[in-house]
Amino acid sequence: MRDSKQAIAGVPSLVSLVVGVGAALAGLLACDASIGGDGAPGPGPLDGGGSSSGGTVGVGPAANAAGPRPLLRLTRREYNNTVRDLLGDTTHPADEFPEDRDRAFLFRRSGLVATQDADLLRTTAEALAKTAIQTPSRVLPCDGASGEDACAARFIAEFGKRAYRRPLSDVETMRLTAFYQNARTTQQMSFNDAIETLLEGILQSPAFLYHWESPYEVPKLDGAVVQLGAYDVASRLSYFIWGTMPDQALFDAAAAGKLTADADVAAQARRMLADDKAKDAATAFFREWLEIDQIAPLPKDAKSYPDYDDALKGALVSGTEAFARSVLFEGGGKLETLLSADYTFSNQALAKVYGTSATGNTVSKTMLDTSQRLGLLMEPSFLTLTGSPDGSNPVKRGKAIYTKLLCGVLPPPPPNVPPAKPATAGGTTRQRFAEHSQNECARGCHTLMDPLGFAFEHYDGIGRYRTMDNDQPVDSTGTIALDGIDHTFADAIQLTKILSTSDTVRSCFAKQWFRFAVGREETDGDAPSLAAIATAFATNQFDMRDLAPAIAASRSFRYRSLAAGEVTK
Amino acid sequence: MTLIKTAKNQLRFSRRALLASIGASAAFLPLIDAERAQAAGADGFPKRLVTITWGHGVCSNAFFPSDGTTNSQVLKPLESLAAKTLVVAGVDYKMMIEQDKKYDGHFTYPVIWTGTYKNTGGQNCTSNGPSIDQVVSDAIAKEVALQQPLLVITVDGESPSWRGAGQKNTGEGDTKRLFDKLFASATTPSADLEKIRAKKKSVLDFVSGELTGFSARMGTEDKAKIDSHLESIRQLEKQLTASAMACVPPTVMTGSKVFQDRVAAMLDMTAMALRCDITRSVSICWADDGGYRPITLPWLDINSSFHDVAHLGKDGYPDKIKADIWMYEQVARLAKSLDSAVEGTGTALDNSVIAVGNDMCEGSAHYVGGIPFVLIGSCGGYFKTGRTVKLGNWANKTGEYWNGDSNVPHNKLLASLSNAMDVPTTSFGEGYAGALDELKA
């Protein structure tokens, strides 16, 4: 599905990053063979970046340009939320689907529908339909006994609109009507069984499963880009901010043509942010951005970390999720706070890591010892995920900060890098990794990642604070060239203060949220959108709550470039 | 041992005889009766292909047998099947070496069974054609409507099975669902089955129509995504038309979430599905590639992930060898299960080939030359088993020196597998023609 244009599309961001982080990083080789998690094959088939008309590299985009909109399908999270709101089903059936992980993209993106997936979508639809029809009022707007055909027609129009997230086209109505008649007449099903069969079909239909426009309408061209219809904008808003289908207010706004002006869209976005559903979706952003959902399968050496059990694993994730949510929705929403807050969320299991005495299983707000720890990057979840099984791992930590907070792109690692020596060889982690970084391949790439990682040497493989490492004092000092300035830091606390007000970090954070919103990497065509988003983000001292409305109001959210081969008549 | 050679166009063996002889009580017949009924068929036994894939290479000295036999530390679990085992020493993912992707061993899952490679930026890549399991199942599907023409299982990790360029076959990873898929219909009364089929067909017809209309205006790339979805719906429609095979379901534990329980259950179900002719082409992957989703092996007292252990190079060899031996114990579980099923004067294993592949040569170097491949089962006498065949530049390898390019593209091995499965070809995948006649009996 992908082609070489994907690689080309990635170039501008790499270039701008290198410039942004400092010329010292330019031309360096990556060397992360010992980092682990070194990616793997296979493009995520439903990937976004490969779309063919995402702007031309090297030519500045017009002010009204927009990025591409590759076809995306409901993710597991979106499917679960959608059937909850459409059918009242809270069984999370999509948890059975394959993970939506796409190695070429940080955030969740569902893949092509292979035979096995189609089979699973079918059995899930069958089960959902069977349950739904047990309570006919959940799906039927009328009683079949008072006129079956009329009731079926209402079901098709009214339920169909909610399932397809837009009014049905005539063709779709005709096909569903014929489908109903076949079930009721040819197959001689009862009325309810026929409706159940229709439900199965609707839940497997592309209009339900994919994020797309009405396929039977000519795309509305605005210069060289396509303007999305009102229902499509409503749906896009809803899945971005809530992770689910539109509510009635959004449907009404779409029907009334109130989703066209920038201000209307931004106002809807602000309304939606006040709803609890927004907390779920924002939590998903943080979870995916930091990849903390990968802690569950992450092994640690039981001798080094006997406390690393399922209770701690669960608390690591829920503590960070609660912390991020709290900063965003109750703590003023500033990016700076996220990175340097003096509090976190802890429970009994996490207390062992923090060295405090919290009790209970529920995480609650806890003040930090600010001489030891501040903000998101010193959350034990981040430090655990980027730790080794039996210790810290400066390279993993440096790589995570470099790619997630600075939006850096690392070239592939060179071959045959001997791993850093184990702790049994003696010396601190830093000494052993520093030696590793002096290997032939490594000097360049490790100057890029290691200083960032060494700053966190006060934290072991599950994030516990330490002053000694392998019987020697920890050295967490370093320097970093950032935003054109050479910064010196004594430890992670000082580094995080530098990062929390860095323009590169701010710009990267906005970009990450944009990627989450549109399900793809940015392209040249997104430049006007990203510029507008950056301006909005700066308005209130980088309040993260300004990002979603700004993204929703941006060109690339409501318009798209034409795709190669698209029929526009 | 005399082996049953099968006709090029394999007819459905003994199906009618089997059904006639056991009638409606198939599910309750002891297995031995089913086997006798199968053996009574006059059409010969079908050939079957199973590919098994995991990653992180091998510790060469512990893996490759130096004396021409198939005996080595890692292959010890196959000892009792030594006469039916063939170690293919020295094939390269040559197209990757030639495209300067020689250390991208974590990125070969699209390559291993397709013989194709398409870079999609950085180290990411995709396949540019179908994998051998798909090609074989397509060929068989032209002759026989099997309940599960292609069975793709991923206990963990990514699937290395590809329908075509860029189109990965998602694997089944749930033991309960796999059980239902393979064996549940055997216990459904046939009158109900017809009604259920008619309904399922009408739903699939509707979905097909929706998909066709949906992509009419779309750009080329998006249309291809919908086309792929549509093809999957067509596959489901085809499976509806295949009559369920009478089979005695194996006794397996389907509730466990424990990795090794799941591997065992999946392999036992695979064995029975092959023995009952529910499928003839299977792709199994049970471990990650790329360390993207690392598996762990705590029951072997390994406190790190398989990926991290492999990355340690020589420091990790003791644990890595322990892990690899466990992997081959699982291969042996499937092979022995097939070998216990008598088919004529041979066994189901004799009529099959289990092809074990890997993503790289060795776990810390990630090199894509000298990949360890093992074949178990002669595929109806096509392969000469009971030996190690050293190919190309690897002809004189011994002792410590199992590394470097052999200069033999693995496409030739795939072509040999295709020929063994009676899907004749002079080349497989892209770029390199020919087969490995050295492997033939």
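Just so it is clear, the structure is predicted and the values come from calculations on it, not from any experiment. Here the residue numbering is sequential within each chain, running from 1 through the sequence in written order. Here the convention is simple: chains get letters from A, ligands get numbers from 1, in the order in which they are written. For this predicted model, a pLDDT threshold of at least 70 governs which residues receive local features, and a threshold of 80 or more governs which side-chain atom pairs are given and counted, while totals over whole chains, interfaces and linings are taken from all residues.

Asker: For this particular structure, what's the right way to read the overall build of chain B?
Answerer: A count of helices and strands for chain B gives 12 helices and 13 strands. In this description, any two residues whose backbone-derived C-beta atoms lie within 7 Å of each other are considered to be in contact. Of the contacts formed within chain B by residues at least 6 apart in sequence, a portion of 69% connects residues at least 24 apart. Numbering of helices and strands runs from the N terminus, with a helix taken as a DSSP run of H or I at least four residues long and a strand as a DSSP run of E at least two residues long.

Asker: Would you mind showing me how to read the overall build of chain A here?
Answerer: Regarding its fold elements, chain A presents 23 helices and 11 strands. Neighbour counting defines burial: a residue surrounded by 20 or more other C-beta atoms within 10 Å of its own C-beta is buried, one with 12 or fewer is exposed, and intermediate counts give partly exposed, using backbone-placed C-beta atoms. Taking all 569 residues of chain A together, the buried fraction comes to 57%.

Asker: Hey, could you run me through the sheet that holds strand 3 (residues 220-222) of chain A in this one?
Answerer: Whenever strands of a sheet pair, they do so through backbone hydrogen bonds, lying parallel or antiparallel. Residues and elements named next belong to chain A. Two strands qualify as a pair provided DSSP detects at least 2 bridges between them. Taken in spatial order, the 3 strands make up an open sheet running 3-4-11, and their pairing is antiparallel. Strands with a single pairing partner mark the edges of an open sheet, and in this sheet they are strand 3 and strand 11 (559-561). Strand-to-strand twist of the sheet, defined as the mean angle between neighbouring strand axes without regard to direction, takes the value 40 degrees. Alignment of strand 4 (residues 225-227) against strand 11, held across 3 bridges, turns out to be antiparallel. Paired with V226 across the two strands is R560, which belongs to strand 11. What counts as an axis is a line fitted to C-alpha atoms, over the stretch in contact for a helix, and the angles between N-to-C directions run from 0 to 180 degrees.

Asker: What is the right way to look at the nonpolar core in this model?
Answerer: Nonpolar side chains in soluble globular proteins tend to be buried together. The term nonpolar core refers to a group of buried residues, namely Ala, Val, Leu, Ile, Met, Phe, Trp, Tyr and Cys, whose C-beta atoms join them within 7 Å. Ranked by internal contacts, the top residues of the largest apolar core, which has 111 residues, are V88(B), V331(B), A335(B), V353(B), I354(B) and L417(B). With 9 residues, helix 9 (residues 259-275) of chain B is the single largest residue contributor to this core. With 108 residues, the next largest nonpolar core counts Y239(A), L448(A), F454(A) and F514(A) among its residues.

Asker: Would you mind going over helix 6 (residues 191-204) of chain A with me for this structure?
Answerer: The periodicity of an α-helix, 3.6 residues per turn, causes residues three or four places apart in sequence to face the same way. Expected helix span is given by 1.5 Å per residue-to-residue step, counting one fewer step than there are residues. Taking 1.5 Å per residue, 14 residues should reach 20 Å; helix 6 of chain A reaches 20 Å between its end C-alpha atoms and fits that length. Judged by how many residues are buried, helix 6 of chain A sits mostly within the fold: 11 of 14 residues are covered. Those residues of helix 6 of chain A lying buried are A194(A), I195(A), E196(A), T197(A), L198(A), L199(A), E200(A), G201(A), I202(A), L203(A) and Q204(A). Those residues of helix 6 of chain A hidden inside the fold are in contact with helix 3 (115-134), helix 4 (148-164), helix 5 (170-186) and helix 7 (206-209) of chain A together with helix 7 (190-214) of chain B.

Asker: Could you clarify how one ought to interpret helix 10 (residues 262-273) of chain A in this entry?
Answerer: Residues and elements named next belong to chain A. The terminal C-alpha atoms of helix 10 lie 17 Å apart, and with 12 residues this matches the ideal 16 Å at 1.5 Å per residue to within 8%. Listed as buried for helix 10 are V265, Q268, A269, M272 and L273. Each buried residue of helix 10 sits inside an arc of 140 degrees when the element is viewed along its axis, so together they form one side. Check the buried side of helix 10 and you find it contacts helix 8 (230-241), helix 9 (248-255), helix 11 (276-290), helix 22 (547-553) and helix 23 (555-558). What the arc measures is the spread of directions leading from the helix axis to the C-beta atoms.

Asker: How should the packing of helix 8 of chain A against helix 10 of chain A be read in this particular structure?
Answerer: The description of two packed helices rests on the angle between their axes and on the distance between the axes. Residues and elements named next belong to chain A. With their axes 11 Å apart at the nearest point, helix 8 and helix 10 run at an angle of 35 degrees to one another. Helix-helix and strand crossings are classified by hand; for helix 8 and helix 10 the assignment is right-handed. Listed contacts from helix 10 to V233, L237 and I241 of helix 8 are V265, Q268, A269, M272 and L273. Each residue is assigned to one class: nonpolar for Ala, Val, Leu, Ile, Met, Phe, Trp, Tyr, Cys and Pro, charged for Asp, Glu, Lys and Arg, and polar for all the others, Gly among them. Classifying every residue of the contact of helix 8 with helix 10 by side-chain character gives 7 nonpolar, 1 polar and no charged. Here a crossing is taken to be left-handed if its near helix is turned anticlockwise relative to the far helix by less than a right angle, and right-handed if that turn runs clockwise.

Asker: How should I be thinking about the domain arrangement of chain B in this particular structure?
Answerer: Interfaces are often sized by the accessible area lost when the parts come together. All names here are of chain B. Looking at chain B, the domain boundaries give domain 1 (15-184 + 249-439) and domain 2 (189-243). Throughout, the edges of the domains are those of an automatic or database domain assignment. The C-alpha-based centres of domain 1 and domain 2 are spaced at 30 Å. Counting from both sides, the interface comprises 4 residues of domain 1 and, opposite them, 4 residues of domain 2. Tallied by class, residues from the side of domain 1 that touches domain 2 come to 2 nonpolar, 2 polar and no charged.

Asker: So what exactly am I meant to see when it comes to unusual backbone geometry here?
Answerer: Where the residue is not glycine, phi is negative for most of them; where a peptide bond is considered, it is trans in most cases. Although it is not a glycine, R165(A) sits at a positive phi angle of roughly 65 degrees. By the element assignment, R165(A) lies in the loop between helix 4 and helix 5. Using a count of 25 C-beta atoms within 10 Å as the deciding quantity, one classes R165(A) as buried. Even without being glycine, H366(B) reaches a positive phi, approximately 65 degrees. Position of H366(B) relative to the elements: it lies in the loop between strand 11 (352-358) and strand 12 (373-376).

Asker: Would you take a moment to explain the pairing of strand 1 (residues 48-54) of chain B for this structure?
Answerer: One face of the sheet, then the other: side chains in a regular strand alternate in exactly this way. All names here are of chain B. Of all 7 residues that make up strand 1, 7 are buried, and the element is covered over most of its length. Side chains of strand 1 alternate between two faces, with R48, V50, I52 and W54 and L49, T51 and T53 buried alike. Sheet analysis places strand 1 next to strand 11, joined by 7 bridges and oriented parallel. Opposite V50, over in strand 11, you have I354 as the bridge partner. As defined by bridge partners, strand 1 adjoins strand 8 (residues 281-285) across 5 bridges and the pair is classed as parallel. Its bridge partner lying in strand 8, T51 is registered against S283.

Asker: Help me out: how do you make sense of the packing of helix 9 of chain B against helix 11 (residues 317-339) of chain B in this one?
Answerer: Residues and elements named next belong to chain B. The contact between helix 9 and helix 11 brings their axes to 9 Å, and the two run at 25 degrees. Compared by their axis directions, helix 9 and helix 11 come out roughly parallel. Once helix 9 is placed against helix 11, the crossing between them reads as right-handed. In this structure, helix 9 uses V263, A264, L267, D268, T270, A271 and L274 to contact helix 11, whose residues at the interface are Q330, R333, L334, S337 and L338. Class assignment for the residues of the contact of helix 9 with helix 11 results in 7 nonpolar, 3 polar and 2 charged. Comment on the angle field: the value is read as roughly parallel under 35 degrees, roughly antiparallel over 145, roughly perpendicular from 65 to 115, and oblique elsewhere.

Asker: What exactly am I supposed to notice about the sheet that holds strand 13 (residues 387-390) of chain B here?
Answerer: Residue and element names in this part refer to chain B. Overall, mixed pairing links the 7 strands, which are arranged 5-8-1-11-12-2-13 in an open sheet. Looking at the sheet topology across the chains shown, the edges are occupied by strand 5 (151-154) and strand 13. Across the sheet, the axes of successive neighbouring strands diverge by a mean angle of 15 degrees, strand direction being ignored. In terms of strand pairing, strand 2 (residues 85-89) meets strand 12 through 4 bridges, oriented antiparallel. Residue pairing for strand 12: L86 is matched across the bridge by L375.

Asker: How should the confidence of the model for chain A be read in this particular structure?
Answerer: Any segment with low pLDDT has predicted coordinates that should not be analysed in fine detail. Across the chain, each position has a pLDDT score giving the predictor's confidence in that residue, from 0 to 100. Scored by pLDDT, chain A comes out at a mean of 87, with 86% of its residues at no less than 70. This model gives residues 1-58 of chain A a pLDDT under 50, and the stretch forms 192 contacts once residues within four places in sequence are excluded.

Asker: Just to check I follow, could you spell out the confidence of the model for chain B for this structure?
Answerer: Residues and elements named next belong to chain B. Here chain B averages 87 in pLDDT, while 89% of its residues score no lower than 70. Confidence drops under pLDDT 50 across residues 1-43; counting only partners more than four residues distant or on other chains, this segment forms 73 contacts. In the model output, the complex is listed with pTM 0.89 alongside ipTM 0.88.

Asker: What is the right way to read the environment of L547(A) from this model?
Answerer: Residue and element names in this part refer to chain A. Looking at the secondary structure, you find L547 in helix 22. Sequence-wise, L547 and E158 are 389 residues apart; in three dimensions their C-alpha atoms are separated by 34 Å. For L547, the contacting residues outside a window of four places in its chain are A510, W513, I533 and F537.

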